[in-house]
Amino acid sequence: MNFIRGTVMAIVLLLQPIVLLFKLLFGRRAQDAPQQLQAINHSAIVPATVVADSEDGIKNSNNISQQSDATGSASSPSAPPAGSNSGDDDSISLPLPFAEYEVFLSFRGPDTRHQFTDILYRFLVRLKIRTFRDDDELRTGEGIWPNLVKAIGQSKIHVPVMSETYAHSKWCLMELSEMAKRRKQEKGHIILPIFYMTNPRDVRHQTGPYQSAFQQHDKDFDSGTVQEWRAALNEIGALKGWHVKSKDEQGAVSECVSDVVWSHLSKNDNFSDTDELVGIDDSVEAVVEKLSLDVGGAAMVGLHGLGGIGKTTIARAVYNKISARFDRRSFLENIRETQQQKDGGISLQKKLISNSMRIDYVAPINSVEEGRRIIQDRVSQFKVLIILDDVDESFKFEEILGNSGNFACGSRFIITSRNMKLLSTFNESRCKLYEVREMGPQLSLQLFCKYAFKTDSPPQDFTTLSEKIVTTAAGLPLTLKVVGSLLFREEKSIWEDKLSMLEKAPQKEVKERLKISYDALEYETKQIFLDVACFFIGMEMKIASYYWRDCKFHPVNSINILLQRSMLKIGDDNEFQMHDQMRDMGRAIVCEENIEEPWMRSRVWDDKYGNPSYVDQGSKQVKAVRADYHRSFLGGMKPGQFQNLPELRYFEAEFAEFSGDFNNLVPNLKWLRLHFHYNDGQEPTNFDMSNLVILDLKGSIFLTDDWGGWSQIKMAKKLKVLDLSHCTSLIKLPDFPKSGSLEMLNLSAETSMELDIGNLWNLKVLNLKECALKRVTGGTIGMLKCLEELDLTNLQCNNWKQRVVDIGELPSLKVLKTIGVKHIPSYFESNTDDDEEEDDDDEVESEGEGIEKLPPSLKVLHTSFRVANLSELLELEELVVENCDFGLEIPPVGDDTNANSTAHMWWKVSKLKSLTLHKTKFIVVAGTAPSFDQLRLPSSLTTLNISNCPYLEWIPTLENLNNLTELTITKCSKVLEVRGIQGLTSLQSLVIDDRDDLIHLCGLADLMRLKTFEIKESAPLSREALLLNDDSDDVFTPKIILYHIDELQGN
């Protein structure tokens, strides 16, 4: 089917230029060919993946690069160049549509029109990005130039596809010069160059095919014009972009480019979670009032209402508003879904303990009773805020958490459920009920418009349609959001069609309304949506994308579309999240594939039909299975169960015995997840892993060095992801071939293991968190040139420092975590066969020492070591320094004339967004003696968290942090003054506690956006300490939603 679809599309693509040429030859004007100027739209919220540039400033198609901020001096003419022999009589006028363009494509028709450019254009079309697709061969005169200039000026992003004969076209060079001019003179214009089958050096230096083009231009045009063209090629050729070296790379590069384009455009199109909360202020205040925060004892409030009506949204808003008033807090989402999983109650308990104790709780909990005992012993002693989201009859409060009356005085619980009767059973815990009702017409219209128009009200010509559609949504926020996202920037005829479909759906059938968005998706996007709904909620997006990409899908593009239509969310840890109504709808769609014979569906996952005894009844329709061997007590994962699953591409099981002869079975398997796998001495044989992309054997404690499956894994030539975390019996990783394709390796929580990295050349992600390694051999980390993420948190290894000595040479490293790394040579017995010279010192290495130079490409850094070259890490966005005895060096402020101006201007040019210090102090750079006003943090900061730093004596002035929204300074007893608060014009949350000698908090009266001001557990603070005068009601008047001060004298 895919082959037929691809063939038909190829034929259509070939016919398009013939039809267009036919029109032109017979007098049809270019504006009659709408495919030349299609206006298409855009909307999404996705992070762009960025990689560092190579020697030429380019990355090939397997990576995504973002443009740099390099500047050039090129300008371009505002009219056609002198010497042109085309007359105005033959000009073609191409009228632009009313809406501005977002992307301008410049390309040479003969080179790329039916290849790369057309593929890229279609990717942009799918994302609804308004794109001007120019074609130099369709121009017959100069009258078109003003329209081209207008289109370039309107477009936010310019994408020149510089092919071999690009420079032979005067039109292409004129466009390129205009792009360079706009980029230089107007802020906000972005150029993303594509080097298609041509060397970037030839572009920059006008050599090779570009040299011959300019030899002709030197004859035809004046020297000034030619020089402007050369300067534009030199400037734009030096920008980061994509190098397409073969036709096989066209699809991958097009997807990457469209993703980066979308990311840039969505920065101005995004709105925060708080902007979604239309009309919930009254509900939030009502819930807060029912919680009786000023009353002792433990209290509980239950929110009930229809699915998709906004219970979770209100609960989250309340959580955000009051959480600062509690010692510990935890938000447990999707309890109904979690409870249906194996050991779901224990999973909930572990998450609650981890959140409340502020640790990653990994100790085993063997039963719900044991988990409840731990919660009562360790969690209940704190004043806690706990949100229990989406509970049903299977959730028993006292079984999971224990008696609510045993929790510390002031603890609060918020429970959401569709079942009011269920919540009423908690009355012994004094549970107060609050019904979340449907939104009224006006608020419904406002929420709908936020997604359909990105405004609070509809345009005049869409008012009637909008009101009718809102009426069909029955006041359900989820339906309003999904339908609004679906109709964003669509034509009125589409609106009318969707309205007709909505009116036919039963008034209370939410699923039928949501399914309208599903039906509008293309085939591969539907498949990705169903995979997430059935299997991948909570899964990291990067891992799942490997699977879909090998299925010949385009995951980046499809995920963007699902995000745009509010059918999917991406969490803070880059994991998939989905509203339970969306999840239920997706699973219902799969169930409806075959009502009578569930094993004939494309996906099998539930407890009954995921039972291994049913799996062997499958068919070629089955693509993915989650089997529960633990619940079935069948244990064995036998070949006979797979005889009827020839098209199986995903298989997941826990506690499965894996053995037998799998010859000629599951040849299309791409993802195998066998958590806690074991065997009884019999090994699997002839298991075809030729198409395996992801292998996850997490927690398989019986996995040993001599396991027979290793030989088959070595033959998995397409393997990209290998997870061996918590496989504690594994001593040594098998030797992978140098040509291996492995890109992600997870060895977290391994013990007594040796790691040879010699053949892991293509590795992008390496996780050694909580590992205790005997040693690392085979070279240094610096030789893994593709590495993007490295997690060494709490690593114990006797030669780690020798292996990371050259980590600063990694060109693409974005994430580095080294908190708690210990160099303990005596931890293991030394191996005399090791040809590496080891340190004989048996003491733990000082946590102030560490890596001498970090790579400038870093975006995220968590460390316990000295950050030696902080002023050079200009791409860094998140910095966490914990337990660093050395301290964090702050480069002093200087001027541009200083010889070391980069360091002295660090506070201006850094991209740092979040800074967290824990048990660490600020220090000045050695050899400098700056004044206090010369010590500044980056102006880009939005979050600053300084906690538990008993030796910290001063904090840099904050007056330049006009982007800061959250400031927390806790348990820093030696800090007597916080300067520059008056400059925090964007501050929304200020938390300071455990203080008894704070002298000055100057500038509170200027914080007009402050919503939360928290001083708790402190000795009395005088009005003088807060610098409030006698007329404080007039001076200190920020719009505070939560203003909580334990004791403020003089009020």
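Quick caveat, the model's predicted, so the values are computed rather than measured.

1. Thoughts on the overall build of the protein
Now for step 1: Secondary structure summary: the protein contains 34 helices and 43 strands in total.
Now for step 2: Nonlocal contacts in the protein, meaning residues at least 24 apart in sequence, comprise 65% of its contacts between residues at least 6 apart.
Now for step 3: Put simply, the protein shows about 44700 Å² of open surface, and 48% of that area lies on carbon and sulfur atoms.

2. What about helix α3 (residues 116-126)?
Now for step 1: Burial analysis of α3 places eight of its eleven residues in the buried class, which makes it a mostly covered element.
Now for step 2: Three or more residues of α3 are buried, namely Phe116, Thr117, Asp118, Leu120, Tyr121, Phe123, Leu124 and Arg126.
Now for step 3: The first or second residue beyond α3 is Lys128, which carries a positive phi of 60°.

3. Some words on the packing of helix α23 (residues 523-536) against helix α24 (residues 541-550)
Now for step 1: Two numbers describe how α23 lies on α24: the axes approach to 12 Å, and their chain directions differ by 135°. Compared by their axis directions, α23 and α24 come out oblique. As α23 runs across α24, the sense of the crossing is right-handed. Between α23, through Ile528, Asp531, Val532 and Phe536, and α24, the contact on the second element is made entirely by Ala544, Tyr547 and Trp548.
Now for step 2: The class makeup of the residues in the contact of α23 with α24 is six nonpolar, no polar and one charged.

4. Some details on unusual backbone geometry
Now for step 1: One non-glycine residue, Asn794, adopts positive backbone phi at about 60°.
Now for step 2: Locating Asn794 in the fold gives a position in the loop between β29 (789-791) and β30 (796-797).
Now for step 3: Taking the relative accessible area as the measure of exposure, Asn794 reaches 30% and is therefore partly exposed.
Now for step 4: Positioned with a positive phi, Lys971 is a non-glycine residue whose angle comes to about 55°.
Now for step 5: According to the relative accessible area criterion, Lys971 is partly exposed, its value standing at 45%.

5. Remarks on the environment of Ser871
Now for step 1: Relative to the helices and strands, Ser871 resides in the loop between β32 (860-863) and β33 (878-882).
Now for step 2: Distance in space between the C-alpha atoms of Ser871 and Pro856 is 9.5 Å, their sequence separation being 15 residues.

6. Brief notes about helix α15 (residues 368-379)
Now for step 1: Counted at 1.5 Å a residue, the expected span for α15 with its twelve residues is 16 Å, and the 15 Å between its end C-alpha atoms agrees.
Now for step 2: Buried residues of α15: Glu370, Gly371, Ile374, Ile375, Gln376 and Val379, and no others.

7. Observations regarding the packing of helix α5 (residues 170-185) against helix α8 (residues 223-237)
Now for step 1: Their axes nearest at 9 Å, the elements α5 and α8 cross at an angle of 65°. Classified by chirality, the crossing of α8 by α5 is left-handed. Contacts between α5 and α8 involve Lys170, Leu173, Met174, Leu176, Ser177, Met179, Ala180 and Arg183 on the former and, on the latter, Glu228, Trp229, Ala232, Leu233, Glu235 and Ile236.
Now for step 2: Grouping the constituent residues of the contact of α5 with α8 by class yields nine nonpolar, one polar and four charged.

8. Topic: the packing of aromatic side chains
Now for step 1: Overall, the coordinates contain 23 aromatic pairs when judged by the stated rule.
Now for step 2: Through a chain of ring-to-ring contacts, three or more aromatic side chains come together here, namely Phe535, Phe536, Tyr547, Trp548, Phe576, Tyr650 and Trp671.
Now for step 3: Over the aromatic face of Phe331 sits the side chain of Arg316, whose NZ or CZ is 5.4 Å from the ring centroid.
Now for step 4: A cation sits over an aromatic face here: Arg328 above Phe382, 4.1 Å from the ring centre.

9. Points about the sheet that holds strand β8 (residues 299-304)
Now for step 1: Reading across from one edge, β9-β10-β11-β8-β12 is the order of the five strands in this open sheet, with parallel pairing throughout. This sheet does not close on itself; its edge strands, each paired only once, are β9 (328-332) and β12 (431-435). Sheet twist, expressed as the average angle between the axes of neighbouring strands with direction ignored, equals 15°.
Now for step 2: With five bridges connecting them, β8 and β12 associate as parallel partners. Along β12, the bridge assignment pairs Leu303 with Tyr434.
Now for step 3: On the sheet, helix α11 (residues 281-291) packs against β8, β11 (412-417) and β12 and is oriented at approximately 170° with respect to β12.

10. As for the confidence of the model for the protein
Now for step 1: Of all residues in the protein, 75% attain a pLDDT of 70 or more, and the chain-wide mean is 76.
Now for step 2: Residue range residues 268-275 is modelled with pLDDT below 50. Its contacts to residues more than four positions away, or to other chains, number ten contacts.
Now for step 3: For residues 826-848, every residue scores under 50 in pLDDT, and the model assigns this stretch 39 contacts once sequence neighbours within four places are set aside.

11. Examining the pattern of salt bridges
Now for step 1: The final tally for this structure, using the stated rule, is 33 salt bridges.
Now for step 2: Salt-bridge contacts for Glu959 lead to Arg936; the nearest nitrogen and oxygen are separated by 3.6 Å. Linking Glu959 in the loop between β37 (943-947) and β38 (966-970) with Arg936 in the loop between β36 (922-924) and β37, this pair joins segments that are 23 residues apart in sequence.
Now for step 3: Given the relative accessible area of 34%, Glu959 is considered partly exposed.
Now for step 4: Given a relative accessible area of 19%, Arg936 falls into the buried group.
Now for step 5: Close ionic contact of Glu977 with Arg979 constitutes a salt bridge, the shortest N to O distance being 3.5 Å.
Now for step 6: A single network of salt bridges, built from pairs that share partners, joins Arg336, Glu337, Asp390, Arg418, Arg583, Asp584 and Arg587.

12. Here we look at the pairing of strand β10 (residues 384-388)
Now for step 1: For β10, the tally of buried residues reaches five of five residues, placing the bulk of the element in the interior.
Now for step 2: Side-chain alternation along β10 places Val384, Ile386 and Leu388 on one buried face and Leu385 and Ile387 on a second face that is also buried.
Now for step 3: Pairing analysis gives four bridges linking β10 to β11, with the strands arranged parallel. Counted as the bridge partner of Leu388 is Ile415 from β11.

What counts and what doesn't
Going along each chain's sequence as written, the residues are numbered from 1 onward. Reporting of local features is limited, given that this is a predicted model, to residues whose pLDDT is at least 70; pairs of side-chain atoms are given and counted only at 80 or more, and all residues count toward the totals for whole chains, interfaces and linings. Where side-chain values are given, they derive from all heavy atoms of the structure, hydrogens and water being excluded. Secondary structure elements follow DSSP: runs of H or I no shorter than four residues count as helices, runs of E no shorter than two count as strands, and numbering proceeds from the N terminus. Contact between two residues is taken to exist if any of their heavy atoms lie within 4.5 Å; hydrogens are not considered. Only the protein chains shown count as cover for residues, and the accessible areas themselves come from Shrake-Rupley with a 1.4 Å probe. Throughout, exposure labels follow a simple rule: accessible area from a 1.4 Å probe, protein chains only, divided by the maximum for the residue type, with under 20% read as buried, over 50% as exposed, and the rest as partly exposed. To obtain each axis, a line is fitted to C-alpha atoms, and for helices this fit is confined to the stretch in contact; angles are then taken between N-to-C directions over 0 to 180 degrees. An angle below 35 degrees is read as roughly parallel, one above 145 as roughly antiparallel, one from 65 to 115 as roughly perpendicular, and any other as oblique. Crossing handedness is read from the near helix: turned anticlockwise from the far helix by less than a right angle, it gives a left-handed crossing, and turned clockwise, a right-handed one. Each residue gets one label: Ala, Val, Leu, Ile, Met, Phe, Trp, Tyr, Cys and Pro are nonpolar, Asp, Glu, Lys and Arg are charged, and the others, such as Gly, are polar. How far a helix is expected to stretch is found by multiplying one less than its residue total by 1.5 Å. Aromatic pairs are defined between Phe, Tyr and Trp rings, using the six-membered ring for Trp, whenever the two ring centres lie within 6.5 Å; interplanar angles under 30 degrees are classed as stacked, those over 60 as edge-to-face, and all others as tilted. Charge-over-ring placement is defined geometrically: NZ (Lys) or CZ (Arg) within 6 Å of the ring centre, and within 35 degrees of the ring normal. When DSSP locates at least two bridges between a pair of strands, those strands are taken to pair. A score between 0 and 100, pLDDT records how confident the predictor is in each residue. Definition used for salt bridges: Asp or Glu carboxyl oxygen within 4 Å of a side-chain nitrogen of Lys or Arg.

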